[in-house]
Structures are given as C-alpha cells and as structure tokens.
Amino acid sequence: MPELPEVETLCRQLRQRVPSAMIKGTFILDSKLGKLDNLKGRGIASVTRLGKRIVLGLDDGRSLEIHLRMTGRLLWQEKPDIGEKPQHSRFILDLTPGRIIIVDPRRFATLSLVADAAKGNAAVDALKPGCPEALKEKGCNRSRSIKSFLMDQSIIGGIGNIYACEILYRAGLNPLRRTADLTSEDWRRVRSAMVEVLSKAVVCRGTSISDWRDLFGCKGEYQKELRVYGREGKKCPHCGGIIQRVRLLGRGTWFCPNCQA
DNA sequence: CCCTATGTTCCCAA
DNA sequence: CTTGGGAACATAGG
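What you see is a predicted model, and the numbers here were worked out from it, not measured in a lab.

S.K.: In this structure, what is going on with the packing of aromatic side chains? I would like to understand it.
M.R.: Aromatic ring pairs are described here by two measures, namely the spacing of the ring centres and the angle between the planes. Enumeration according to the criterion identifies three aromatic pairs in this entry. Measuring from centroid to centroid gives 5.2 Å for phenylalanine 149 and tryptophan 187, while their planes differ by 70 degrees, and the two rings are edge-to-face. Of the two residues, phenylalanine 149 is situated in helix α3 (residues 146–151) and tryptophan 187 in helix α5 (residues 184–203); the sequence distance between them amounts to 38 residues. Residue class for phenylalanine 149 comes out buried when judged on its relative accessible area of 0%. When its relative accessible area of 0% is taken as the criterion, tryptophan 187 is described as buried.

S.K.: For this particular structure, what's the right way to read the sheet that holds strand β6 (residues 89–95)?
M.R.: Each strand in a sheet pairs with another by means of backbone hydrogen bonds, the pair being arranged parallel or else antiparallel. If you walk across this open sheet you meet the four strands as β1-β6-β7-β5, and the pairing is antiparallel. Among the strands making up the open sheet, the edge pair consists of β1 (23–28) and β5 (73–77). Sheet twist, expressed as the average angle between the axes of neighbouring strands with direction ignored, equals 15 degrees. One ladder, built from five bridges, connects β1 with β6; its direction is antiparallel. Directly across from threonine 26, in β6, lies its bridge partner leucine 93.

S.K.: When you look at the protein's contact with DNA strand B in this model, what are you seeing that I'm missing?
M.R.: By nearness alone, 24 residues border DNA strand B, and Met1, Lys52, Ser210, Tyr229 and Arg251 come closest of all. The contact atoms of DNA strand B, taken as those within 4 Å of the protein, divide so that sugar and phosphate hold 62%. Interatomic distance of 3.2 Å between a side-chain N/O atom of arginine 106 and a base nitrogen of DNA strand B. Secondary-structure elements contributing two or more residues to the surface near DNA strand B are α4 (161–171), β11 (244–248) and β12 (251–255). Of the residues forming the surface near DNA strand B, the biggest block, three residues, is contributed by β12.

S.K.: I keep staring at the pattern of salt bridges and nothing clicks. Help me out?
M.R.: Opposite charge on two side chains lets them pair, provided their charged atoms get close. Tallied over the full model, the rule gives 17 salt bridges. Linked through salt bridges whose partners overlap, the residues forming this network are Asp37, Arg42, Asp59, Asp60 and Arg62.

S.K.: Looking at this structure, how should I read the domain arrangement of chain A?
M.R.: Size of an interface, as often reported, equals the accessible area lost when the parts are brought together. Assigned domains within chain A: domain 1 (4–114) and domain 2 (124–207 + 225–255). Inter-centroid distance (C-alpha atoms) of domain 1 to domain 2 is 30 Å. Contact with domain 1, which involves 11 residues of that partner, is made by 16 residues of domain 2. Together domain 1 and domain 2 conceal approximately 940 Å² of surface at their shared face, both sides included; 62% is due to carbon and sulfur atoms. Among the residues domain 1 hides against domain 2, the three largest losses belong to Leu4, Pro5 and Lys52. Together they make up 49% of the total. For the pair domain 1 and domain 2, the interface holds one salt bridge.

S.K.: How should the environment of arginine 227 be read in this particular structure?
M.R.: Positionally, arginine 227 belongs in the loop between α5 and β11. The exposure class assigned to arginine 227 is partly exposed, which follows from its relative accessible area of 25%. On a C-alpha basis, the gap between arginine 227 and glutamine 87 in space is 33 Å, while along the polypeptide they are 140 residues apart. When residues no more than four places from it in sequence are discounted, the contact partners of arginine 227 are Glu166, Tyr169, Arg170, Pro237 and Ile243.

S.K.: Could you clarify how one ought to interpret the state of the cysteines in this entry?
M.R.: Working definition: the covalent bond between the sulfur atoms of two cysteines is a disulfide. Counted according to the given criterion, the structure contains zero disulfides. For cysteine 236, which is in no disulfide, the shortest distance to another cysteine sulfur is to cysteine 259 and amounts to 3.6 Å.

S.K.: Whenever I open this one, the protein's contact with DNA strand C confuses me. Can you help?
M.R.: Of all residues adjacent to DNA strand C, which total 14 residues, the nearest are Pro105, Arg106, Arg142, Ser145 and Leu249. Take the atoms of DNA strand C that sit within 4 Å of the protein: sugar and phosphate atoms are 70% of them. Contacts to DNA strand C include serine 148, whose side-chain N or O atom sits 3.2 Å from a phosphate oxygen. Separating a phosphate oxygen of DNA strand C from a side-chain N or O atom of arginine 178 is a distance of 3.4 Å. Among the residues forming the surface near DNA strand C, the class breakdown is four nonpolar, four polar and six charged.

S.K.: Explanation requested: the environment of leucine 176 in the structure shown.
M.R.: Its location among the elements puts leucine 176 in the loop between α4 and α5. For leucine 176, a relative accessible area of 39% translates into the label partly exposed. The residues contacting leucine 176, other than those within four sequence positions of it, are Ser145 and Leu248.

Basis of the calculations
- Residues numbered from 1 in each chain as written.
- Chains lettered and ligands numbered in written order.
- Predicted model: local features only at pLDDT ≥ 70, side-chain atom pairs only at ≥ 80, totals over all residues.
- Heavy atoms only, no water.
- Phe/Tyr/Trp six-rings, centres within 6.5 Å; stacked < 30°, edge-to-face > 60°.
- Helix = DSSP H or I, 4+ residues; strand = E, 2+ residues; numbered from the N terminus.
- Buried < 20%, exposed > 50% of the residue type's maximum accessible area, 1.4 Å probe, protein only.
- Pairing = 2+ DSSP bridges.
- Axes fitted to C-alpha atoms, helices over the stretch in contact; angles between N-to-C directions.
- Near = heavy atom within 4 Å.
- Polar contact = N/O pair within 3.5 Å; in protein donor to acceptor, adjacent residues only side chain to side chain.
- Salt bridge = Lys/Arg side-chain N within 4 Å of Asp/Glu carboxyl O.
- Domains from an automatic or database assignment.
- Contact = heavy atoms within 4.5 Å.
- Buried area = accessible area lost by both parts, 1.4 Å probe.
- Disulfide = S-S within 2.5 Å.
- Nonpolar A, V, L, I, M, F, W, Y, C, P; charged D, E, K, R; others polar.

Shown next as structure tokens:
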C-alpha cells in the first residue's frame, strides 16, 4: 500500500516519537522476516526515507530498513498493555517510549539490518526530481512507456501505481507514451505534476483507498483528490469523457483517453 | 469459483 | 541490451 506519501507520513510521525528512544527489544513474529542481531540497548539516532523504504539509523552507525511492500503498515503503541497486538502483527520494535509494530496481512514486507549508511542509490527522490531537462535526459533514448519510467525505482524513488496514474492524468499524458517521444514541455509538465501530486498527498497523509492507515491508525485524505485511479467507466472531472482502464506492466492503469493524448 | 489489490523480482519472448 | 508480459510471493475482499 505505501508509496512515497504514505512512507513520508510514517517517517514524519516516527520523528515525533522516536528520536532519543532506546531499543528495549525486538520480536520477530513471522520467520519469513529472517533473523536480527540483538539490538537491545541501541539508540535510534535518525529516521529517514529512501524512496519507499523507512530507514531507522542506529547510534552505532548501522540502520534498520523497513520496506512495507503491498500491505505492510506501521502501528505505534504508546502503552502496549492497552493495545493488544493486532491480527497479522509480524514484528515488534520495543522502545523506551512505546513500541512500533509491523502489521502485514500478505507478508511481503521486508526488514533488514544494514551496515553502510548511504548505500549506492542513484535514483532521485520523486519529491525532488531535479529539473525537467535532467528527467528528459534519463528518458530520451528509451522506447519504454512513461508510466514504467515513473515507476522505475532505480531512476525515481517513491512513485507507485496510484500516484503514477494521478501524475500522468495531471500532466495530460497517456501512460503508454514512449519517453523518447516526449518534448521538453511534456517533461516540464511531468515534473510539475509529480511534485504537485506527491506534496499534496503528503499534506493529506496518504491515500486510504482500502486499508492504509498512518502510524496512529488514522486514515489519509488523498483518496478525495483522486481523478482517475480506480475510476473506470466514470466521468473525467475535466472533460466529462469516460475513464478507461488498461493493464500495463501487470498493473491496472486508469486514464482519460481524451485528456491524456 | 472468478477477479482484484498502494511492490518487487525473476524468467521468458519479441 | 531493452521492454513488457506473466508468474510468484500470501492474503483478503468483492
């Protein structure tokens, strides 16, 4: 479920609870997550977002990286004895001020302890994608679709299926357009739609279309702003045309054939 | 039973 | 080498 705005929301909320916290213990409830070194007594020094990953920096230089994949959630419990752990709890990080639980029905989420802080990540963050010409340069010799370009985490970090659809709607571009064919003006619109959609979605604390909840169990608000995602057969809010759905890269892809040429 | 699902990775064919 | 399709991972919901 989580794309950049959802992960960013979790990171911001973690930052208001977790700094100067000490790890009391870690409990892996699902062996699929693998094993973890003993982290008891380690402090949390920082919380950063790397694309869709949450990076908890420890006071010994190592980092605990969480990727929530499709259905992973983080839940904060201030007083663990009050909140019983919910169904599908997979991991508990017990801290001095409270605890963080990874809840994940589909069990795709991953957890890893990494030694090197800044690992080689060539991708730009989708909230700070650089200038339009820099994006154009990355796409100009490719025959791939603009949607797959936007969702390629090795090029741009953070965009998933919902926001890719919404960004392309607002940029007025058909998801199947080849990146090599895009003009400078097209790239300018892609860049500006990307930043506008994602920063608005961060302010809205994500899209609660099904089960996304923030660190404290609250829904986001961006589902009210969706123009095309999940709206097959409905009217385009701009031209009144009928929104179409196609399948691209194995994912549902919604767009307005009239507005997105 | 069918289909769908906010992610990633792997294999395969064009 | 590039690209997209499909399956896989595992579970819930329509």
